[in-house]
Amino acid sequence: MNTAGHPEATARRGLELTPFRGLRYDPDRVGSLAAVTSPPYDVVVRPDGLHQLQSNDPYNIVRLILPQATTPAERNEQAARTLRGWLSEGILTADPEPGLYVYEQRDGAGLLQRGIIGTLRLSEPSEGVVLPHEDVMPHVVADRAALMRATSANLEPLLLTYRGNGSESVTTTAIERMAVRPPLLATTTEDGYRHRLWSITDPAEVAHIRSDLAQHQALIADGHHRWATYRRLRAEHPSPSPWDHGLVLLVDTARYPLRVRAIHRLLHGVPVARSLALLDGLFRVQRLDVPLAEALDTLADSACVGNAFLLAGDGAFHLVDRPDPDLLSRTVPSDRPTAWRTLDATVLHATLLAHVWHIPEDDPTRIAYIHDTAATVEKAERDGGTAVLMHPVREEVVRDLARQGVTMPRKSTSFGPKPASGLVLRALDV
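No experiment lies behind these values; they were computed from the predicted model shown.

(A) Molecular detail of unusual backbone geometry. The step from Ser239 to Pro240 runs through a cis peptide bond, and the omega angle for that step is 0°. Gly416 connects to Pro417 through a cis peptide bond whose omega is 5°. Note on placement: Pro417 falls in the loop between strand E20 (414–416) and strand E21 (426–427). Positioned with a positive phi, Ser152 is a non-glycine residue whose angle comes to about 50°.

(B) Structural context of the nonpolar core. By size, the foremost hydrophobic cluster in this structure holds 112 residues, and its most contacted members are Tyr25, Ile116, Ile117, Leu250, Leu279, Phe309 and Trp357. It is helix H13 (residues 344–357) that contributes the most residues to this core, eight residues altogether. Grouped together as the second largest cluster of nonpolar side chains are 16 residues, Leu288, Ala312, Phe317 and Leu319 included.

(C) Representation of the confidence of the model for the protein chain. When pLDDT is averaged across the protein chain, the result is 91; 94% of the residues are at 70 or more. Across residues 1–11, confidence stays below pLDDT 50; counting only partners more than four residues off in sequence or on other chains, it has 17 contacts.

(D) Region of interest: the packing of helix H5 (residues 138–151) against helix H8 (residues 224–236). One can describe the packing of H5 onto H8 by two numbers: an axis separation of 9 Å at closest approach and a directional angle of 60°. Here H5 is positioned oblique relative to H8, judged by the angle of their axes. As H5 packs across H8, the resulting crossing turns out to be right-handed. On H8, the residues touching Val140, Val141, Ala142, Arg144, Ala145, Met148 and Arg149 of H5 are His225, Arg226, Ala228, Thr229, Tyr230, Arg232, Leu233 and Glu236. Across the contact of H5 with H8, the residue classes break down as eight nonpolar, two polar and five charged.

(E) Molecular detail of the packing of aromatic side chains. Applying the stated rule across the entire model yields four aromatic pairs. Each ring, one from Tyr59 and one from Trp86, has its centre 5.6 Å from the other, and the planes form 80°; the classification is edge-to-face. One end of the pair, Tyr59, is in the loop between helix H2 (48–56) and helix H3 (62–65); the other, Trp86, is in helix H4 (residues 72–89), with 27 residues separating them in the sequence. Above the ring of Tyr256, the side-chain terminus of Arg255 is found at 5.6 Å from the ring centroid. When the ring centre of Trp340 is taken as origin, the NZ or CZ atom of Arg336, which lies over that ring, is 4.4 Å away.

How each quantity is defined
- Residues numbered from 1 in each chain as written.
- Predicted model: local features only at pLDDT ≥ 70, side-chain atom pairs only at ≥ 80, totals over all residues.
- Heavy atoms only, no water.
- Helix = DSSP H or I, 4+ residues; strand = E, 2+ residues; numbered from the N terminus.
- Core = buried A, V, L, I, M, F, W, Y, C linked by side-chain atoms within 4.5 Å.
- Buried < 20%, exposed > 50% of the residue type's maximum accessible area, 1.4 Å probe, protein only.
- pLDDT = per-residue confidence, 0-100.
- Contact = heavy atoms within 4.5 Å.
- Axes fitted to C-alpha atoms, helices over the stretch in contact; angles between N-to-C directions.
- Parallel < 35°, antiparallel > 145°, perpendicular 65-115°, else oblique.
- Left-handed = near helix turned anticlockwise from the far one by under 90°.
- Nonpolar A, V, L, I, M, F, W, Y, C, P; charged D, E, K, R; others polar.
- Phe/Tyr/Trp six-rings, centres within 6.5 Å; stacked < 30°, edge-to-face > 60°.
- Lys NZ or Arg CZ within 6 Å of the ring centre and 35° of its normal.

Below, the structure written as structure tokens:
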């Protein structure tokens, strides 16, 4: 592979995507494809969203990705039994031949995202092929690893992005050629997104796509914990084995830009009044008696000039900005690039959580990470906690830090739209 002069020539080996025999729901055996899909496991707002998805259809994918039982071991065994049962009953069936899957998502506001699903060769961070940009929580990796071991399956694809050369690339041409053909499946989910899926099985076409992707490196947009899980499980199995690869969706953001949103924090059992009292003299605090949309606009304006957050949970919004420079110099590590030290997520974790509020970032009894803005506020108001609303980071900042090998604080970004879970799965023994 000649990568001389290529902007992503830092990778010794590029992306190695392999076709696989996807597991898919038999549409004649389920109520509807929309009823069996789910957002990714970490986006489901539990317990409300989980219960709703479970009631949508007895075969909803949440019964695999978020099994419910008394202990973790029982949950994982239940997922494994459920998967075996669905396979034996023909609820899920393997496609007859291996393929790379073209996946399309559209919303009602003009967004169009297309990418390609396959199994990607796992790599070490030092290879510079797949770039993480966030830290992970060990207990989440352990949880996902136990589930994958029990089921021997990749139940939902990670979302990875790469920067191609727009509409002229071999892969994009192949994707757009497939998109005018009848799909394997088409469904519209409850959130209004329309999903379509095709399979590319022609060996020559697959080879051209693989050769094209081998010139690129990818950024993990969504799925850091699952990528870490893939790598942990690969280390447990002698190579070569099916565990050398993991299920991913690759999107060329030069052609199909993603949306980047923030992931918010919910501080359990911490009233807003207490959170604000601890900020006295350290940040500027302004009360905003306005609707959520206006409060977020104010946050965006303030975030353009410095670190800013919105606190909520008491019926109002409180803009927290203009941190004391001495406080930042004492609490933010100085051995990282300026772009990292000035991130809102860095200041939140290094300054607010660690030194002002004294809340461990990886203790699920003290803090939750929620993607939906309104849901974060509602939960804070209902439970008497504090919602900490964030402003999103630009994709260029994320990618530049990742290329420097600098990871952002965990749950710093939410790229989307995310692939729906349940449209295509991968069993490692098929």
